[in-house]
Amino acid sequence: MRIAVNAMPSSGYGGLTYLRQILPVLDRRRDPHRWFVYGRPATIKKIRFEASKIVFREVRPCGGIIGRLLAEQLQLPALMRAEGVDLVYTANNPDLVLAPRPRVIAIRYTEPYLYREFFNSRSKQVRCAVLRVLTSVSLRTADHILCVSDYARRVVGAGKPPLLEKTTVVHHGLGAPFLPGAPAPAWAPPAFLFTSAKMIGYSNLIRLAEAYALCRARGLSEPLLVAGGPHDARFERMLKRRVAELGLTEHMRFLGYVDAESMAGAMANARVFIFSSLLEACPNTLIEAMGCGAAIVASDTEPNREVAGEAVAWCDGRNTAAMAERIWAVARDEDYRRTLQAKALAQARGFSWERTADRLVEVLERTLLARRPAWEASAARALEPSAKSAD
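Residues numbered from 1 in each chain as written. Predicted model: local features only at pLDDT ≥ 70, side-chain atom pairs only at ≥ 80, totals over all residues. Heavy atoms only, no water.

A look at the environment of Arg 103
Thought 1: Structurally, Arg 103 can be placed in strand S5 (residues 103-107).
Thought 2: Its relative accessible area of 4% is what places Arg 103 among the buried residues.
Thought 3: Counting along the chain gives 52 residues from Arg 103 to Val 155, while the straight-line C-alpha distance between them is 21 Å.
Thought 4: Those residues in contact with Arg 103, other than ones at most four positions away along the chain, are Val 88, Asp 95, Leu 96, Val 97, Thr 141, Ala 142, Asp 143 and His 144.
Thought 5: There is a polar contact of 3.0 Å between the side chain of Arg 103 and the backbone oxygen of Leu 96.
Thought 6: A distance of 3.0 Å separates a polar atom in the side chain of Arg 103 from the backbone oxygen of Ala 99. (Helix = DSSP H or I, 4+ residues; strand = E, 2+ residues; numbered from the N terminus. Buried < 20%, exposed > 50% of the residue type's maximum accessible area, 1.4 Å probe, protein only. Contact = heavy atoms within 4.5 Å. Polar contact = N/O pair within 3.5 Å; in protein donor to acceptor, adjacent residues only side chain to side chain.)

Focus on the sheet that holds S5
Sheet strands line up and pair through hydrogen bonds in the backbone, either parallel or antiparallel.
Thought 1: If you trace the seven strands from one edge of the open sheet to the other, you get S3-S2-S1-S4-S5-S6-S7, paired in parallel fashion. Unpaired on one side and paired on the other, strand S3 (54-58) and strand S7 (167-169) mark the two borders of the sheet. Along the sheet, successive strands turn relative to each other by an average axial angle of 20°, direction set aside.
Thought 2: Judged from the five bridges that link them, strand S1 (residues 2-6) and strand S2 (residues 34-39) form a sheet pairing that is parallel. (Pairing = 2+ DSSP bridges. Axes fitted to C-alpha atoms, helices over the stretch in contact; angles between N-to-C directions.)

Focus: the confidence of the model for the chain
Thought 1: Per-residue confidence for the chain gives a mean pLDDT of 91, with 94% of residues at or over 70.
Thought 2: Segment residues 386-391: pLDDT under 50, and two contacts once partners within four positions in sequence are set aside and those in other chains are kept. (pLDDT = per-residue confidence, 0-100.)

Some details on the nonpolar core
Thought 1: By size, the foremost hydrophobic cluster in this structure holds 55 residues, and its most contacted members are Phe 194, Met 290 and Ile 296.
Thought 2: The contacts of Phe 194, once residues within four sequence positions are left out, are Trp 187, Leu 224, Leu 225, Ala 227, Leu 255, Met 263, Ala 266, Met 267, Ala 270, Val 272, Phe 273 and Ile 274.
Thought 3: If you look at the next biggest cluster of nonpolar residues, it comprises 33 residues, including Leu 208, Val 226, Val 243 and Ile 327. (Core = buried A, V, L, I, M, F, W, Y, C linked by side-chain atoms within 4.5 Å.)

What to know about the side chain of Ser 203
Thought 1: On the secondary structure map, Ser 203 appears in the loop between strand S8 (193-196) and helix H7 (205-217).
Thought 2: A polar atom in the side chain of Ser 203 sits 2.5 Å from the backbone oxygen of Ile 200.
Thought 3: If near-sequence neighbours (up to four positions away) are discounted, Ser 203 is found in contact with Ala 197, Lys 198, Phe 235, Ser 276 and Ser 277.

Focus on helix H12 (residues 320-332)
Thought 1: For H12, built from 13 residues, the straight-helix expectation of 18 Å at 1.5 Å per residue is met to within 8% by its first-to-last C-alpha distance of 18 Å.
Thought 2: Taken residue by residue, H12 has Thr 320, Met 323, Ala 324, Ile 327, Trp 328, Val 330 and Ala 331 as its buried positions.
Thought 3: Of the surrounding elements, those touching the buried residues of H12 are S8, H7, strand S11 (272-275), strand S12 (296-299), strand S13 (313-315) and helix H13 (334-348).
Thought 4: Sitting at the amino-terminal end of H12 is Asn 319, which places a side-chain oxygen 3.1 Å from the backbone nitrogen of Ala 321. (Expected span 1.5 Å × (residues − 1).)

Put into structure tokens, the structure is as follows:
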């Protein structure tokens, strides 16, 4: 099977992490499938590697998000037909409605359905509104919908008929370098708290700063290190202004973008890893922190619970005092931390990129088979290695 992967929407954070992790696994699989990955030059540069079954194609749209959407909906379908692809997989929400069928979309972006709850710039609000419309249309035009959590399926409205019948939940995976025992990065102090989030309203970093200030007032001395690159400049200004008002400028340190190896080392060696986010489709950062054996404090939200179970110390992410109380309890109780670390490692065993890749390929194969003419599908099933002999 020749499979086209639309990576145009995956320019950073979760979408980029997904491609970086799953593509090498797909390339190692012992199956006959070939993959054609289409993305913007900056994206392809970040995900390209020496592959035997994957071809990377650069697409150069013009004119910002509108130009990207036009390139996706008009230029990509022509390129895919020229490649003779059998199936199209879009790794992040909008379907390519003019591309060859069958088409599978992955719902891993729920912000367009919930963005009004958070601090967002006007341009961000417009973008989310457009993406909500496109996603809603795509749910009906796609042949199959892959959701990264039960929560994501429910939020976009795919958790009930008629969409439920063509929907499969496949969680993100886990793999190197997010493993226990990673060395602390050179920039990390001997004792510290750690969090990772992009600069956007739903990261909940303002409440985290306020909770951290309450902990310091009780005697907590460890600095709070914050990893994460820019995203919403308006929110970032609000956050840093609030940090200054709380007198935390020297204690809450913003690291900017941190590479995966350093991130794993910080998660594994932090006294407490705090995941304050209030909006995730599938909280990949939380899964990675569990893989590193971190003692985790996290906002008690539906998607976070779905992947972490009872492996973290939950708090009401909208209640500053409750968050502070939980951070203080974990930071000051070594036995509690060890219990949380053991639970995190046990929970992390349920996630692997190999398992995620297996489920993805299973969905793609099943979708292609369902679109074939009845006689061709019957012949294909008869030739499968698992088919029983007529004898």
